[in-house]
Every structure is written in C-alpha cells, then in structure tokens.
Amino acid sequence: AEPTTSTTPAETTTTTTRPVPQYGTTPCPPAGGSATRTATFFDSFARCIDPAKTYVATMRITIDATPYDVVFDLDTRRAPVTVNNFVALARSRYYDGSRCQRIIPAFVAGCGDSSGTGSSTPGYDFVGEVPTAGEYQIGSIAMSTWRPGTFGGQFFFIIGPDGVRIDPIYSL
C-alpha cells in the first residue's frame, strides 16, 4: 500500500504591535502665546500639559470673507501625548498664519501645514494614540500621519459623512 499523508492547514494570526506613545525632549514653550514663532524642532515635546486639565483649540477660519471661530475640545485622557504635541506647537506659534490647505467636501479639512503646501512638518514625528473603529465623528479633530504610525504637526477635522468612515489610524 502507498503511504498517505494528510496536512492540516495551520492557522496563522498576525498581530501588529504599535509602539507606545511617548513624550519627546524639546523643552515646553511658555503658555499664553508669548513664545517666538518656531516652525522647526529637533524632537517632539517633553510633557507640557497637565493631563488632568481640559484644553481647547480655537481656530479662526474665513469663508467668503466672513471669519468664524471653530472650537475643538482636546481629550487629554484619551490622547495625552497627541494633545501635548498639539498644545506645544500652538504655544510655539507653529500654526500662526497657516491655513487649511486641503478641503474635501463631505470628508475632511486638512490644516496645520505652516508652508500651506501640505508637505511641511515640524521637523520630527512622534507616536501618538489611535482610536478604535467607529470613534470618528463629524467635528472630530485628528492628527494627520507623517509616516505610517507617526504624526507631526498637520491635522484635519472631519466635515462630512465620508470622513467618519476613515480607517482608525489618525490620532484623535
């Protein structure tokens, strides 16, 4: 008799381990907007915020010559490293004079590029916290990715129903 062999397909599971979000080494700028405007840094910021406090971002936008203030709550409990980065860049006046360089109706408005081209960075990237599927909502603000799994200074806010369906790879 001929020998017989049987094979059982092996199950493989692939898990992706994300690096742990961490603070950098750049000293914290003063609160209150008194810092000299800085657009390039060597590293992300040391911890500059108090994660127990509430932070908001107010962005003045102009549409058809009418200015509007858009206010975002920044969730320090959910994303302390990302909020720290955003607040420290704002305190460094990194965003002063920048504009939303990409607006896609029913999707997102991309902002935070100091050059206005969509390609500038603050000179570093950092690992931030990412949400789970279904957490994006219209009005959510999130950091844009610089390289896979990392963030810099650009951000976007979701302005329509297509934006709530994006993959959860952008830190809220």
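Here we summarise the structure given alongside this text.

So, about unusual backbone geometry. A positive phi angle, close to 65°, is found at Arg 93, a residue other than glycine. Judged by relative accessible area, which is 29%, Arg 93 ranks as partly exposed. Positive phi, close to 65°, is recorded for Ala 106, a residue that is not glycine. Its place among the elements puts Ala 106 in the loop between strand E3 (102-104) and strand E4 (108-111).

What follows deals with the state of the cysteines. Considering all chains together, one arrives at 2 disulfides under this definition. Paired by a disulfide, Cys 28 and Cys 48 hold their sulfur atoms 2.1 Å apart. What sets the handedness of the Cys 28 and Cys 48 disulfide is the S-S torsion sign, and at about -95° it is left-handed. In this pair, Cys 28 sits in the segment before strand E1 (55-63) while Cys 48 sits in the segment before E1, placing the two residues 20 residues apart along the sequence. Residue classification places Cys 48 among the buried residues on the basis of a relative accessible area of 15%. Paired by a disulfide, Cys 100 and Cys 111 hold their sulfur atoms 2.1 Å apart. Residues Cys 100 and Cys 111 are joined through a disulfide that is right-handed, its torsion about the S-S bond being 85°. Highlighted residues: Cys 100 in the loop between helix H1 (80-91) and E3 and Cys 111 in strand E4, separated in sequence by 11 residues. Taken N- to C-terminal, the disulfide-bonded cysteines of the protein are connected 1-2, 3-4.

Further remarks concern the pairing of strand E5 (residues 141-145). Here E5 lies mainly inside the structure; 4 of its 5 residues are buried. Looking at chain direction, E5 and strand E6 (residues 151-158) are connected through 4 bridges and run antiparallel. Across the sheet, the residue bridging to Ile 141 is Phe 157, located in E6. A loop of 5 residues connects E5 with E6, the two strands running antiparallel in sequence, and Gly 149 in this loop sits at a positive phi of about 85°.

A full pass over the atoms with the stated rule returns 10 aromatic pairs. An angle of 70° between the planes, with centres 6.3 Å apart, marks the rings of Phe 41 and Tyr 124 as edge-to-face. Taken as a pair, Phe 41 in the segment before E1 and Tyr 124 in the loop between E4 and E5 lie far apart in primary sequence, 83 residues in all. With respect to burial, Phe 41 and Tyr 124 carry one shared label: buried. Taking 5.2 Å as the distance between ring centres and 85° as the angle between the ring planes, the aromatic pair formed by Phe 156 and Tyr 170 counts as edge-to-face. Placement of the pair is Phe 156 in strand E6 and Tyr 170 in the segment after E6, with a sequence separation of 14 residues. One aromatic cluster is present, built from ring pairs that chain together Phe 86, Tyr 94, Tyr 95 and Phe 155.

Take the pattern of salt bridges next. For the structure on display, the rule yields 4 salt bridges. Here Arg 93 makes a salt bridge to Asp 96, at a shortest N to O gap of 2.8 Å. Salt-bridge contacts for Asp 162 lead to Arg 165; the nearest nitrogen and oxygen are separated by 2.7 Å. Take Asp 162: its relative accessible area is 36%, and that puts it in the partly exposed class. For Arg 165, a relative accessible area of 57% gives the class exposed.

Criteria and cut-off values
- Residues numbered from 1 in each chain as written.
- Predicted model: local features only at pLDDT ≥ 70, side-chain atom pairs only at ≥ 80, totals over all residues.
- Heavy atoms only, no water.
- Buried < 20%, exposed > 50% of the residue type's maximum accessible area, 1.4 Å probe, protein only.
- Helix = DSSP H or I, 4+ residues; strand = E, 2+ residues; numbered from the N terminus.
- Disulfide = S-S within 2.5 Å.
- Pairing = 2+ DSSP bridges.
- Phe/Tyr/Trp six-rings, centres within 6.5 Å; stacked < 30°, edge-to-face > 60°.
- Salt bridge = Lys/Arg side-chain N within 4 Å of Asp/Glu carboxyl O.

Nothing here speaks to function; it is geometry throughout.
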